[in-house]
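Below, each chain spelled out in residue letters.
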Amino acid sequence: MKTKIIPMSEENIDSEALAEAGGIIRNGGLVAFPTETVYGLGGDALQEESSGRIYRAKGRPSDNPLIVHICRMEDLPPIVAYVPEAARKLAEAFWPGPLTMVLPKSDKVPRMTTGGLDTVAVRMPGHKVALAFIKAAGGYVAAPSANLSGRPSPTLAKYVAEDMDGRIEMILDGGEIGIGLESTIVDLTEDIPVILRPGSVTREMLEGVLGKVGVDRAILEGNSGQAPKAPGMKYRHYAPKGELTIINGRQENVVMEINRRTRQMQEKGERVGVIGTDDTVSLYLADSVKNAGNRKDETTIAKALYRILREFDGEGVTVIYSECFGDAEENGIGQAIMNRLLKAAGYRLEYV
Ligand code: AMP
Ligand code: MG
């Protein structure tokens, strides 16, 4: 299959190309598209076979459910058993935007889309190309991140092409993504809402609307061996090819320790990459040193993280050391960054 790549920014929406993209989805095909979080790999959420194709294109196990993307509030009731009051309030506050809600599903949504579950995850993305594309596609686009399973989510169309060329019909190239980490997922099927995946809509922001909100224990404790609440949480995600270790501690100790290990690994013939920040990148001795951004503005780090992991892969880096960003218990986007970084590191975190 030849994959068509079509440039389409929020400022310049090409309605003819959009109609073609929508037609591909209606006919059971796949189109990758930009959202404000990461690129999505879209198929018709209401056609069982389309979801099947998404799993195959990604090499993703089919019990790892997909998020259904909508573009209008009136499209929510048909795909859920009921709309809880909490969902209305959250939609009012955060949609369109980087928040996914897990709700009881209606019969309209095939189990193939929900990984066999009776619940469905729904999001209205805050990106004009995404919204126009979903509308052109008929209103319900199932879309996980547009990467091969186990690779970092794509924040640029060239990374989508790297993973998906020849596997899907079309890529809408909307340039660099704004946020860079996947949406916050909140489960609204229990008495108390629970965050299943941290993102840029933070726990404080959700609690501002709903009152008390819980956080799934697997997020706080990492790989605790406990059965995960969301089926997708059991899979290793976001893995770079190089073995990544996070080093935490006082800044000067971290720099010294990373340089010590770098030399040791280089002597063994490894190619070493380091992830630092504005304050530290000039101090590292590794083969490839990447600047994740500025600690005073963690959104810069969120945006850079997946790109950096992909760049290391392209450079043949075999060992990676990263500074620690944020804290699994912290509020704000630091929790989401740390959650993704820990997964990419297979939970290797050491203190110096
Ligand atoms: P991705 O779009 O690649 O970020 O993956 C979507 C993720 O959403 C999955 O890995 C699940 O963790 C989560 N998810 C989707 N649907 C549900 C659901 N019905 N219940 C719980 N989690 C879900
Ligand atoms: Mg993903």
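Residues numbered from 1 in each chain as written. Chains lettered and ligands numbered in written order. Predicted model: local features only at pLDDT ≥ 70, side-chain atom pairs only at ≥ 80, totals over all residues. Heavy atoms only, no water.

Caption draft 1: Representation of the site of ligand 1 in the model. Neighbouring residues of ligand 1: 19 residues in total, closest Arg60, Asn64, Thr119, Pro144 and Arg197. Residue Ser145 places a side-chain N or O atom 3.2 Å away from an oxygen atom belonging to ligand 1. Here an oxygen atom of ligand 1 sits 2.5 Å away from a polar atom, N or O, in the side chain of Arg197. In isolation ligand 1 exposes 500 Å². Once the protein is present, 94% of that is buried. (Near = heavy atom within 4 Å. Polar contact = N/O pair within 3.5 Å; in protein donor to acceptor, adjacent residues only side chain to side chain. Areas by Shrake-Rupley, 256 points an atom, 1.4 Å probe, with all protein chains shown as cover.)

Caption draft 2: Helix H4 (residues 128-136), seen in detail. What H4 keeps buried is the set Val129, Ala130, Phe133, Ile134 and Ala136. Seen along its axis, H4 keeps its buried residues to an arc of 160°; they face one direction. Of the exposed residues in H4, the ones pointing more than 90 degrees away from its buried face are Lys128 and Lys135. Packing partners of the buried residues in H4 comprise helix H1 (15-26), strand S2 (31-33), strand S4 (67-69), strand S7 (141-142) and strand S8 (170-173). Count one or two residues on from H4 and you reach Gly138, which has phi positive near 110°. (Buried < 20%, exposed > 50% of the residue type's maximum accessible area, 1.4 Å probe, protein only. Helix = DSSP H or I, 4+ residues; strand = E, 2+ residues; numbered from the N terminus. Arc of directions from axis to C-beta. Contact = heavy atoms within 4.5 Å.)

Caption draft 3: Summary view of unusual backbone geometry. Here the amide bond leading from Trp95 into Pro96 is cis, since omega sits at -10°, within 30 degrees of zero. Locating Pro96 in the fold gives a position in the loop between helix H3 (85-94) and strand S5 (99-104). Within the chain, Tyr347 stands out as a residue other than glycine whose phi angle is a positive 65°. Along the chain, the position of Tyr347 falls in the loop between helix H10 (334-344) and strand S16 (349-351).

Caption draft 4: Region of interest: the sheet that holds strand S15 (residues 319-323). With parallel pairing, five strands are arranged side by side in an open sheet as S14-S13-S15-S12-S16. Lying at the two open borders of the sheet, with one neighbouring strand each, are strand S14 (288-291) and S16. Here the strands of the sheet are splayed against their neighbours by 25° on average, with no regard to which way each runs. In this sheet, S15 lies alongside strand S13 (residues 272-276) in parallel orientation, the contact comprising four bridges. Bridge assignment links Val272 to a residue of S15, and that residue is Val319. Against the sheet, helix H8 (residues 251-267) touches strand S12 (243-248), S13, S15 and S16, its axis set at about 180° to S15. (Pairing = 2+ DSSP bridges. Axes fitted to C-alpha atoms, helices over the stretch in contact; angles between N-to-C directions.)

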